[in-house]
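Given next are the chains, with one letter for each unit.
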Amino acid sequence: MPDDTDSSAALQRTLTVYRRTIEFLDVQRAQFGAFTPPYIWHQFDDTRSEIARLKRSLRELGVVVEDLPGDADVQHADLPAATRAVDGDALLSIYRRMLVDQVRYVSLAGMSRWNDLSLPLVDLYVEPALTPIGSATGTAPHAIAGTPPSTALSNLAQQPAARMLIEGLPGSGKTTCLRWLALACASRGAGGPSPDSIGGWPDPPPLPLLLTAREIASALTRKNAAPDVEHMPTLSAFWSAIAEWLQYSDLAALVPTIQQLLERGGCLVLIDGMDDLPATASRHGFMVALSRFVARYPDNCYVLACRDYDAVSMASLAGFARYRLGRLDQPRTDAMIAQWYPVIAGQAGLLVPEDVSERIARLQGALRGDPKLQELSCTTLTLALAILAHVENHLLPARRGVVLRRLADVLLRGWDHSRLGGGREPPAFDLDAPVEPERELTLLAPVALALQSRFAGGHDQLPTLGYAEIESLLCAGPAGAGVDQRGVSQRAVPQLLTRWCSRGLLAQPSPGAYAMPHRQVREYLAARGLAALPNFPPRAYAVRREPRWREVLLLAVQELGAGRAPHIARLLVRLLLHPPEPDHNGGAHDLLLAAECLVELAERSQPDRALRSEVCGRLAELLGSGTHSSAERVQAGMLLGRLSDPRFMSLLPHVAKIGGGGFILGTLEGYEDEGPAQWVYVSSFAIGVNPVTNHEYAAFLAERSTQAPPHYWHDSRFNNPACPVVGVTWHDANAYCAWLTERLARAGLLEPGMVVRLPLEVEWEKAASWDELHQAKLRYPWGDEWSSACANTADGRGAWMTAPVGCYPAGGSRYGVHDCIGNVWEWTGSVYENYPGAAKPFHEPGSYTLRGSSCASNPTHARCTYRSRLPASYWRYHLGFRIVIGRPPQPPRANVV
C-alpha cells in the first residue's frame, strides 16, 4: 500500500507538470497565431499523449482523475493548413478561431521580474466606463443619444451602426478594450463561451476586424495611395490594405465573404492608434480613405481609439460619437485588483487562497489612503504595474519608485498595436553602440532634473527646455551611458527627442520647446538625476523647503537606499537633524523630512538604528509639544508609528489610576439621556491613557489566528500603528480584553482579582470629566470652554481622519487621559439604558453605550456627557475602544443630585 501511495503521488505531480506545459504551449500558439511552427504542434501531441498515459495509470491505481479541457487531442481544424479551405463559412470559422488565439492573452512582458508573463484576457478584463465628450447632436448623427453620463463599452458597441471614437491617456486601456470586443465577438461566433456583458448582442455577433491605423496607412502608402495634388486614395486602396492584412494571415480568400458581410452590416470594425500615424501627407490620405470606407459600408459598427482628438486631421470623424476612457475610480480599481491578483499570483506560485485574499485587501487599502499612489495608479497600465510589484513583495506605497521605474521603462519601450501583439521594436539609435533602456533612462535623468528645477509649482504650466539646452545635457551624458560621443549632436539627439516624444516621455508644447507631461515620471527621473550628483546631501538640503522638491527628495533617498549608497542618504538625514546653522523655525520641518527619509530607506543596519532612535525620540517630544501645530503633531505621530513608537513597546499599556470615590455623573444641560445629574460612587480602577492602537491590536491578532481582522484593517487611511484601531465590534473589543487579561496574568503583570475589560460608563465619564482636586465636573476634559486645538473632531480637523493617539496633549483630562473627546467613539461595557431617576425610562438590551465622539463629530456633540449607542455587532470607521484594569464590574450606587 505505501508503494502504491507513493507511486500515485509521483504520477499526480508529473501530470501537473505536463498540464502546465500545455498551458505554456497554448500561450506560445496564441502568440504565433497563423504562423505557429510545426514543432509546437508536435509538442502538443507528445504532451497530450503523456497526459493520457498518466491518467490511465492513475485510474488503474484507483485514483479519481478529472478530465480538463486542455487534456483533449488537438483538433485538426485549428491547424494552419486548414486555411486552404475554400468554403466561406469554413474560412470564417478558421478566422474567428485564429483571432481568438491572437487576442486571448495579455502580454505583460517587461513589466515584472516574470518577463514572459502572459495572462488570459477574459480573466483580467474589467468593464470600463466611458464618458461622452460633448452631446450627441446633429453634428454627430451616429452618436448614441440618451446615454447616461458613464456607459459600458459593450452597451455602446452593440447599438446598430454605432460609430465611436474612444479617447484616453496612454495606458488607459484603449487597446485592451478593442481586443476584448474582438475576443468576445469572435469567441461567441466560433461557438465558444462569451462574456455575459455581450448577451444582448445579435446572434451571430458581428465579425470583428481588428486593425491598427499605422498598418493601414503603411499599406496605403505601399499601394501608392498617399494623396497628392491630383489624386486621393480610393475605396479600393483601403480594401487593398485589408486584403494585405488578411494575406498576412493566409486568409486572402476570405475577402469576398467579408465584403458580403460589410454589405449587410455584419462587421465590427476596430481600428487602434488613430493618432499614431506619421505626421505626413499619408495621415490625410488615411482619413480620406477611412471616411470613404465608412460611407460605403454605413450599416456596420465602427470603434476607433486614439489618445487625443485632433479636430483638424480628424475632421472627417465628425459623425462619430466621442467617449473618454477616464481615470480608474475606486470601485473599478478594487475590481481590477481583485481580478488580476489571483491570476498573477497563480502564475507566480502564490497558491494559498487566504494569503492572496489578504494581499488583495492590503493593496486595495494602500490605494485608498495614499493620494500619490492613487494618482500613480489611475490607468490600467499603471495599476497593472502596481499589482505586479505588490505580488513581488514590493510594499506600497513605500516602494512606489519601483512602479515609476517600470512605467518609465514601458513608456520608453512603447507598447505595440500589431496584429499579434508583439512587433519588433525599432532600435533607439542609429549608432555603432546602441544604448540599453537603463542607460537611456540615465540620459533622461539630467533632462528631468533640469525641468524640475524650472517647475514653478502648479500643474497648468509645464516647465520647458529648449533644444540647445537638452543637446548640452545629452552631450554631457553619453560617455557615462556607454554611447560613443562621435556624432551625438548630429544623430543621437534628434533621434532621442523624436523617440521620447513619440513615447509620451516628452512633449512639444511649442516649436523648439520640450516638456515632460507625466509629472510623476518627471519627478522620478529627476530623483535619479539628483541621487547621481556627487554633492547630493548639500544639494538636497538646499531645496528641502520647496514643496516641488519634497517627492523628488524622497524618491532620491529611496533610489540610494535600494542601490549601494544608503550611507549617502543617511548623510542627508544627519544634515537635517544637525543643520550647519541654527533653525529659528523650531526644526519641525527638517525633523519630519528626516523621519520620512528613514521611512523611505527602510534600513535596519546599526547606523540606521542609531538614527532611528534619535529621530523617534525627537518625534515623541514634538508630539507632546504645545508649540507646534496639530498638523505637525499628527504627521509626527504617523511617522513615529511607521518607524517604531516607543510608547507601545511594553505589553502593559500606559494607564491612568483613578482613585475610588464619588463624582457627578450626567448633566442637566444636555439631551434627556444625559441626565439627571447624580452623585455616583465608583471603585478605584486604571484606564488606558489612550485608546487601543493598531500596534497593540496587531499583537492580539498575531496570537489569535482564528480572530478575523477588523474592518479597515488594511486601509492605509486608518491602519497606521500609532492610530486607534477602528472597525471593531463590541465582541471584538471584549475578545481583545480577554486575551490581554490572560497575557498580563501569565507575565505576572496583573494583580490577583483584576481583569482587563471595557470601561463602564461611569468609569469612562469620571476619567474624562472629573476634576478631583476641585471636586468639579468639567464640560470637556480640558475645561468648560470649547477649543478645536484640543481634540480631533470635524471642527478644525486637517486632511487626516483618525489621528495617532496623543496628538492633542492640551486636550487631556485632569487624570492625564488623552483623546477622551474626538478621534474615535469608544465602546463601553454598559448596556444603553436610562440613568436612575430619569423622567422617561428606557432600556435597549444588546445595544451598548458609546462615549467620546469622534473625528467626524461636531462640537455640539463633543462633550463628556454625550451618549450614543450601537448594537454589539456593529462597526464603524471611527469606532474603537480603550481598556480598563480593575475588578469585575459592580453596579454603581447612585443618588440624584
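Residues numbered from 1 in each chain as written. Predicted model: local features only at pLDDT ≥ 70, side-chain atom pairs only at ≥ 80, totals over all residues. Heavy atoms only, no water.

Peer 1: Looking at this structure, how should I read the sheet that holds strand 16 (residues 685–688)?
Peer 2: What links the strands of a sheet is backbone hydrogen bonding, and the strands pair in either a parallel or an antiparallel sense. Sheet architecture is open: four strands sit in the order 13-16-24-17, paired in antiparallel fashion. Pairing within the sheet leaves two strands with one partner each, and these edge strands are strand 13 (655–658) and strand 17 (755–757). Strand-to-strand twist in this sheet, taken as the mean axis angle between neighbours without regard to direction, amounts to 25°. The pairing of strand 17 with strand 24 (residues 884–886) spans three bridges and is antiparallel. Among the inter-strand pairings, Arg757 is bridged to a residue of strand 24, identified as Val884. Helix-sheet contacts for helix 28 (residues 730–746) involve strand 17 and strand 24, and the interaxial angle to strand 17 is about 155°. (Pairing = 2+ DSSP bridges. Helix = DSSP H or I, 4+ residues; strand = E, 2+ residues; numbered from the N terminus. Axes fitted to C-alpha atoms, helices over the stretch in contact; angles between N-to-C directions. Contact = heavy atoms within 4.5 Å.)

Peer 1: Help me understand the pairing of strand 16 in this model?
Peer 2: Two faces belong to every sheet, and in a regular strand the side chains alternate between them. For strand 13 and strand 16, the ladder comprises four bridges, and the chain directions are antiparallel. Bridge pairing in strand 16 links Ala656 to Ile687. With two bridges joining them, strand 16 and strand 24 adopt antiparallel strand pairing. When the sheet's bridge partners are listed, Ile687 is paired in strand 24 with Val884.

Peer 1: Please clarify how the packing of aromatic side chains should be interpreted in this entry.
Peer 2: A ring pair, where both rings are aromatic, is described by two values, the distance of the centres and the angle of the planes. For the structure on display, the rule yields 22 aromatic pairs. Between Phe663 and Trp770, the ring centres sit 5.9 Å apart and the planes meet at 70°, which makes this aromatic pair edge-to-face. Taken together, the residues Phe663 in strand 14 (residues 661–665) and Trp770 in strand 18 (residues 770–771) connect sequence positions 107 residues apart. Comparing Phe663 with Trp770, the two get one shared label, buried. Between Trp679 and Trp770 the ring centres are 5.9 Å apart and the planes differ by 80°, which places this aromatic pair in the edge-to-face class. Residue Trp679 is found in strand 15 (residues 678–682), and its partner Trp770 is found in strand 18; the two are separated by 91 residues along the sequence. You can call Trp679 partly exposed: its relative accessible area is 35%. For Arg522, the ring lying beneath its charged end belongs to Phe455, and the centroid distance is 4.6 Å. (Phe/Tyr/Trp six-rings, centres within 6.5 Å; stacked < 30°, edge-to-face > 60°. Buried < 20%, exposed > 50% of the residue type's maximum accessible area, 1.4 Å probe, protein only. Lys NZ or Arg CZ within 6 Å of the ring centre and 35° of its normal.)

Peer 1: Mind showing me how you'd approach the layout of surface pockets here?
Peer 2: The probe, sized like a water molecule, is rolled over the atoms to show the empty space still left. Estimates place the volume of the second largest pocket at around 2100 Å³. Forming the walls of the second largest pocket are 49 residues, and the residues nearest its centre are Asp370, Pro397, Arg642, Ser716 and Asn720. Mapped by element, the contributors of at least two residues to the lining of the second largest pocket are helix 12 (353–369), helix 13 (371–376), helix 22 (550–562), helix 24 (588–601), helix 26 (630–643) and helix 27 (694–703). A total of eight residues in the lining of the second largest pocket trace back to one element, the largest contributor, which is helix 26. Residue composition of the lining of the second largest pocket, grouped by class: 21 nonpolar, 14 polar and 14 charged. (1 Å grid on protein atoms, 1.4 Å probe; cavity = no way out; pocket = protein on both sides within 12 Å on 5 of 7 lines; lining within 4 Å. Points joined across faces, edges and corners; volume = space filled by probe spheres on them. Nonpolar A, V, L, I, M, F, W, Y, C, P; charged D, E, K, R; others polar.)

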